[in-house]
Amino acid sequence: MKINVFLDDSRTCPEGYILVEDIDQCLTLLESHAIEHLSLDHDLLNKHRNGLLLVHKMVENELYADRITIHSANSVGSKAMYRYLKQAQEDLKMPPNIKVLLRPLPLF
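Residues numbered from 1 in each chain as written. Predicted model: local features only at pLDDT ≥ 70, side-chain atom pairs only at ≥ 80, totals over all residues. Heavy atoms only, no water.

## Re the pairing of strand S4 (residues 67-70)
Pairing of strand S3 (residues 35-40) with S4, which is carried by 4 bridges, proceeds in the parallel orientation. Note that in S4 the partner of Leu40 across the bridge is Ile70. On the question of chirality, the crossover connecting S3 to the parallel S4 by way of helix H2 (residues 51-60) is right-handed. Pairing of S4 with strand S5 (residues 99-102) involves 4 bridges; the strand directions are parallel. Bridge pairing links Ile70 to Leu102 in S5. (Pairing = 2+ DSSP bridges. Helix = DSSP H or I, 4+ residues; strand = E, 2+ residues; numbered from the N terminus. Right-handed = clockwise from strand over helix to strand, strands pointing away.)

## Quick notes on the environment of Arg49
Tracing the chain through its elements places Arg49 in the loop between S3 and H2. Along the sequence, Arg49 and Asp24 sit 25 residues apart, while their C-alpha atoms lie 8.7 Å from each other. Residue contacts for Arg49: discarding those within four places in its chain leaves Ile23, Asp24, Leu44 and Lys57. (Contact = heavy atoms within 4.5 Å.)

## What about the packing of helix H1 (residues 23-32) against H2?
As a packed pair, H1 and H2 sit with axes 10 Å apart at the nearest point and diverge in direction by 25°. Classified by the angle their axes make, H1 and H2 are roughly parallel. Once H1 is placed against H2, the crossing between them reads as right-handed. Residues Ile23, Cys26, Leu27 and Leu30 of H1 form the contact with H2, whose participating residues are Leu53, Leu54, Lys57 and Met58. Within the contact of H1 with H2, the residues separate by chemical class into 7 nonpolar, no polar and 1 charged. (Axes fitted to C-alpha atoms, helices over the stretch in contact; angles between N-to-C directions. Parallel < 35°, antiparallel > 145°, perpendicular 65-115°, else oblique. Left-handed = near helix turned anticlockwise from the far one by under 90°. Nonpolar A, V, L, I, M, F, W, Y, C, P; charged D, E, K, R; others polar.)

The structure is reproduced here in structure tokens:
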């Protein structure tokens, strides 16, 4: 059974999702579960282990979800995450059938 994962350290987790607050928790779930939808924030408590580092590690280790949404309100960070994933698809490092969406959510 596939799960849905919501990476965020400040927003309320939507119903039907598992909340993870740092990229290590997220990577653990990516390694151990099939994930239908992965919703990602950029800015986390640890400024150096943010959403952009997570997408780099996902591509490097070939860890994906069926659908990935970047919901970060950080316009620079979220666009960098989106571009990195789309480039990985163009470079055939990530399956092209994975949907990658950029949908910023308000902070509260």
